[in-house]
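Architecture and fold: a report
What follows is the residue order along each chain.
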Amino acid sequence: MSDPEWTTLLGALVPDFAVSRPNDDSFIARTTLLNNASGSAARALVLPTSAAQVSAVVKFALEHKLTVSVKSGGYNTAGWSIAGDIILDLAELAQIQVTTPGPTGHAVVPSLAKTPTRKPDDEDVDPRERGKKRAGDRRGSSSESPPPARKPRPASRTSSSSGSHLGSRTPSGENSEETEETSGGPSRDSGTETEGKGKGKAKASANDVSEVTRSWVADQANPQAGPSHAAGPSSSRPPPPFDPTASYFSSTAGSFATSTTPSTTPSSRSSSSVPAAAPHALVTFGAGARSKALDAATAPFDYYIPLAAYPSGCAIFMSGGFGYLSRLHGLSMDNVVEAEVVLPDGRIVYLTEEDDMSDEMKDLWWAFRGAGVAMGIVTRLRVKAYRVGLVFSGNLIYPFNPATTPSLIKHWRDCCKNAPREAYLNLILTAGPDDRSHVVVMQVCYLGDRVLGDQLVQAIMSWEGERCLLKDFEMRTFLTQQESASKVLRAQAGNRWCIRADLISTLPDDVIHTSVTAFRHIPEGSAWLFEISGGAIADAAPASSCFPQEARSAPFNVAAIHQWKDESDDDVWREAARRWIDGTMAPHSAGGSFPCFIESSDGEARVQRTFGTQNWARLVELKTRLDPQRVLPHTFWPKEGDERKCERKTN
């Protein structure tokens, strides 16, 4: 059957406007990723508006022996999302509903099975006209209709943006999220059952934070002018003097005990005033909703989902999702409570952690959190969101000096020991035009009181090997902190991306020295990230997901984040990332990276190490049973047959 014939048949299963073909202008726009990867060989792209339409497309692919790839943001640099014969672009499944705790302290909602996907707000518009607006007019429009003007949010406490959080994320995709809005807006229901009919909807848009992230690169380009912010405490309330003999980071230290008494200071909304077992809200959203839209929807209620840094799509809820809240509340995938999933045979199922599920559904629930992208197509999710108030956050910037930087990294590493779960810390080696303009950026986000956060920062600043170029800390809204990463990534959109990561069980001195020596020769645009992990990530029961406990307990995550302009440099940059992660760091690996960083090109051995031998064997059996025809091959999953070879090698 020719392409025109089967795409015509496909158009009979979903509205014709939802099918985009390779010669359509909208096809090119929707198959270009943020890392500048494009050139999809797909024969059609479909914009479904419900799980039923996704199911119909999957069954069609099975019947005609086609493969399907799934795009829920286009943020994976490997290009899997645009590799299938048919691309399912989930952008239209973007509605968001926020349900806050009621008088009982619990958010009450009916199951996803009882609340079918809501129809679009413009369902009465002629499908052809709606198609032009959403998918682009195939007869000549090269871009989508401009987004509606935002409605300003009520005044809230905001402050200067901090630097980017280059944590565990799926690197960004095709378009900036600066113009995104939540489809349908959030509807707030306090403790009442929600029927998903859009009552009480209020248009939600990204918070218009006017402060732009200060660029340390620009500062380094003009060192005579000095940094744009003076180094030194930014708080008008001086912190207690730093005592190098005190155990500021002891998990039992009284100075970091969680208070349950609200404060009268501006930080009274901080998470330190919320008990550890504080009730959570529930956020229900379509798989096309992106991270920034989720934060915009939950921010008015002071609740936030544990997310990776902007921008990211729904894949993080099946493959990791590490960010500022993860050490306190777990990974994004750990906070999923229910999922609507279309299986490779076209069945629509609803996964939860309920004990009365069938054995098959229990297996799927276990596999979903870690390897879900290979097992089915998620169309809706319900996840936990937690109360977060003001946070104490900012940057420390030091010059990169090959003679002193190893000492700085060792000091940072030692400061991370026994850090409270409210603390997120990273250290980033960042390459300038030459090794004289490289810098070391350290970021701290403390989910609590300014004084306690300042104590943590002062402990890090007790290192005296070099002058601190910048200290930029203050109390910020959590939304401002989240948006800071978006601003940095937006400035680099269009570059080609490569990211290689691993979780490590230790960071010894010799690895630090080797890393600093190697980084001297890394070209401009690279960043090597060290960040503290562990905390609540390790609390998940071993049987709750396919992500092994050894990896969850790893104290550090490391990542080589490279970007460049020319396709001809692809191999050079990727090999440089592999040398550091697969060479220098490999002897200290906890097994593998967060699943969101796996690449099928890694080979079956690395994929298996990520999940562990026993978990991998169980995943192989489940994948073989669910997807014998390999209708969903475009994920981290090894090529057909390779997983069996890997299994035999380890037996």
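What you see is a predicted model, and the numbers here were worked out from it, not measured in a lab.

1. Comments concerning unusual backbone geometry
Backbone geometry at N418 places phi at a positive 60°, although glycine is not the residue there. Along the chain, N418 turns up in the loop between α10 (405–416) and β13 (423–430). According to the relative accessible area criterion, N418 is exposed, its value standing at 53%.

2. As for the sheet that holds strand β1 (residues 19–20)
Strand order in the open sheet formed by four strands is β1-β2-β4-β3, with mixed pairing between adjacent strands. A strand with exactly one partner marks an edge of an open sheet, and here the two such strands are β1 and β3 (68–71). Here four bridges tie β3 to strand β4 (residues 86–89), and the two strands are oriented parallel to one another. Paired with S69 across the strands is I87, a residue of β4. Across the sheet, helix α3 (residues 51–63) lies against β2 (44–46), β3 and β4, angled at about 170° from β4, the strand it touches most.

3. Focus on the packing of helix α16 (residues 604–611) against helix α17 (residues 613–626)
Following both chains from N to C, one finds α16 and α17 inclined at 110°, their axes separated by 6 Å at the closest point. Here α16 lies roughly perpendicular to α17, going by the angle between them. Listed contacts from α17 to V607, Q608 and F611 of α16 are T613, N615, W616 and L619. Residue classes in the contact of α16 with α17 are distributed as four nonpolar, three polar and no charged.

4. Section: the confidence of the model for the protein chain
Chain-level pLDDT for the protein chain is 75 on average; 69% of the residues reach the 70-or-more range. For residues 121–277, every residue scores under 50 in pLDDT, and the model assigns this stretch 345 contacts once sequence neighbours within four places are set aside. Scored below 50 in pLDDT, residues 642–651 makes 17 contacts in the model with residues more than four places away or belonging to other chains.

5. Some words on the side chain of K71
If you trace the backbone, K71 turns up in strand β3. For K71, the side chain forms a polar contact with the main-chain oxygen of R30, separated by 3.1 Å.

6. Focus on α3
Along its 13 residues, α3 runs 18 Å from first to last C-alpha, staying within 8% of the 18 Å computed at 1.5 Å per residue. Among all positions in α3, only A51, Q53, V54, S55, V57, V58, F60 and A61 are buried. Where α3 terminates, the next one or two residues include K65, which has phi positive at roughly 55°.

7. As for a negative patch on the surface
Side chains of E353, E354, D355 and D356 sit close together on the surface and give a patch of like negative charge. Along the polypeptide, E354 turns up in the loop between β10 (348–352) and α9 (359–375).

8. Notes on the pairing of strand β7 (residues 281–286)
With respect to burial, β7 is a largely interior element, six of its six residues being buried. Across the two faces of β7 the burial is the same, with A281, V283 and F285 and L282, T284 and G286 all buried. Sheet analysis places strand β5 (residues 96–100) next to β7, joined by four bridges and oriented antiparallel. Bridge pairing links I96 to F285 in β7. In the sheet, β7 pairs with strand β11 (residues 377–387) via six bridges, with the strands oriented antiparallel. Its bridge partner lying in β11, V283 is registered against V383.

The rules behind the values
Residues numbered from 1 in each chain as written. Predicted model: local features only at pLDDT ≥ 70, side-chain atom pairs only at ≥ 80, totals over all residues. Heavy atoms only, no water. Helix = DSSP H or I, 4+ residues; strand = E, 2+ residues; numbered from the N terminus. Buried < 20%, exposed > 50% of the residue type's maximum accessible area, 1.4 Å probe, protein only. Pairing = 2+ DSSP bridges. Contact = heavy atoms within 4.5 Å. Axes fitted to C-alpha atoms, helices over the stretch in contact; angles between N-to-C directions. Parallel < 35°, antiparallel > 145°, perpendicular 65-115°, else oblique. Nonpolar A, V, L, I, M, F, W, Y, C, P; charged D, E, K, R; others polar. pLDDT = per-residue confidence, 0-100. Polar contact = N/O pair within 3.5 Å; in protein donor to acceptor, adjacent residues only side chain to side chain. Expected span 1.5 Å × (residues − 1). Patch = residues over 30% accessible without salt bridge, like charges linked within 9 Å, V, L, I, M, F, W, Y side chains within 5 Å. Areas by Shrake-Rupley, 256 points an atom, 1.4 Å probe, with all protein chains shown as cover. Salt bridge = Lys/Arg side-chain N within 4 Å of Asp/Glu carboxyl O. Lys, Arg positive; Asp, Glu negative; His and termini not counted. Charge placed at Lys NZ, Arg CZ, Asp CG, Glu CD.

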